[in-house]
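Summary of structural features
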Amino acid sequence: MERYRLSALKTLEAESIYIIREVAAEFQNPALLYSVGKDCSVLASLARKAFYPGKIPFPFLHIDTTRKFPDMHDFRDRICKEMGVGLIVHEDDNALSQETSLDDLSGVRCHSALKTEALLTAIHEHGFDAAIGGARREEEESRSKKCVYSFRDQFGQMESEGQRHEIWNLYNSRINQGESIQVSPISNWAELDIWHYIHMESIPVAPFYFARERLVKPDDTNLIPIYDQTQVGIDGAITALCRFPTLERRYCAVAVRSEAVSARQIIEEIVTRRRSETGARTAGRHRDPSIENNKKEDRI
């Protein structure tokens, strides 16, 4: 790894660890949002490094949509056990009981019900005053102007006009009863930074990120995975060497042709393609175009 990249990663690492320690010191009941993705894997590793050799002083919170691949749950449980951290799995019965079509499962309404609303419910039920998430500013337009400490009012709204200035990395953690802060320690990281750090620190990530032979159905430039055995015989199904750039719900997940079986090879693919991997998800086609609305309903 080039010296410049290593120096930049160490700077980002130090900033993120500082933010995580500030959260532990300033809030009464924080939690780290863990969705099993690569960003959360980096975030979890930073949290462990921030308090080593002690234990991470807050639990991991997983908003379980029950629509993830089963292997992702196994990976989640193994990582939490190895880290010795408490895990809270929240399933929103109200959201899961809604009759939702397959089209909606890759759309804004499904995302809002299964993840955003479920997160707000979990924060209220467990009394969390800070939710540490893996959002990055460069991931999408709605996050480009987000603060490191994003204030949510008592109604769970994240109004852009109500956010606090963060001059000289000074973070305002003052909140009233019922309010909360969403913290983004890796907001200044880019996608390549994430993968370089995974490579440098040998951070384990879910195996779906790496290429192997999978049963899929081609759709434009993406590959739709055949996740259900009842779909094996559908027309157009093929076996292809591919991987998942992002870990979405089963109905939203798409794969790309790839031979990358390591973090280093994924880095090479991203640089060659010059294209953000975040764009490879079916949910992106159905997202609400309103930037301000997306700011209020930030993804986990």
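Now for a look at the structure at hand. Bear in mind that the values here come from a model prediction, so they are computed numbers and not experimental data.

To continue, consider the packing of aromatic side chains. By the definition in use, this model includes 9 aromatic pairs. With a centroid separation of 5.9 Å and an interplanar angle of 85°, the aromatic rings of F51 and F58 are classed as edge-to-face. Judged by centre distance (5.0 Å) and plane angle (20°), the ring pair of Y149 and Y171 falls under stacked. Pair noted here: Y149 is in strand β5 (residues 149–152) and Y171 is in the loop between β5 and β6 (180–183), with a separation of 22 residues, a long-range link.

To continue, consider the environment of R76. Along the chain, R76 falls in helix α3 (residues 70–83). Since its relative accessible area comes to 7%, R76 is described here as buried. Among the polar contacts listed, one links the side chain of R76 to the side chain of H62, at a separation of 2.8 Å.

Our next topic: the packing of helix α2 (residues 38–51) against helix α7 (residues 191–201). Viewed as axis vectors pointing N to C, α2 and α7 meet at an angle of 55°, and their least axial separation amounts to 10 Å. Between α2 and α7, the angle is such that the two are oblique. Judged by the sense of rotation from one axis to the other, the crossing of α2 with α7 is left-handed. Every residue of α7 that contacts α2 at K38, D39, V42, L46 and K49 is listed here: E191, I194, W195, Y197, I198 and E201. Among the residues forming the contact of α2 with α7, the class breakdown is 6 nonpolar, no polar and 5 charged.

Conventions adopted
Residues numbered from 1 in each chain as written. Predicted model: local features only at pLDDT ≥ 70, side-chain atom pairs only at ≥ 80, totals over all residues. Heavy atoms only, no water. Phe/Tyr/Trp six-rings, centres within 6.5 Å; stacked < 30°, edge-to-face > 60°. Helix = DSSP H or I, 4+ residues; strand = E, 2+ residues; numbered from the N terminus. Buried < 20%, exposed > 50% of the residue type's maximum accessible area, 1.4 Å probe, protein only. Polar contact = N/O pair within 3.5 Å; in protein donor to acceptor, adjacent residues only side chain to side chain. Axes fitted to C-alpha atoms, helices over the stretch in contact; angles between N-to-C directions. Parallel < 35°, antiparallel > 145°, perpendicular 65-115°, else oblique. Left-handed = near helix turned anticlockwise from the far one by under 90°. Contact = heavy atoms within 4.5 Å. Nonpolar A, V, L, I, M, F, W, Y, C, P; charged D, E, K, R; others polar.

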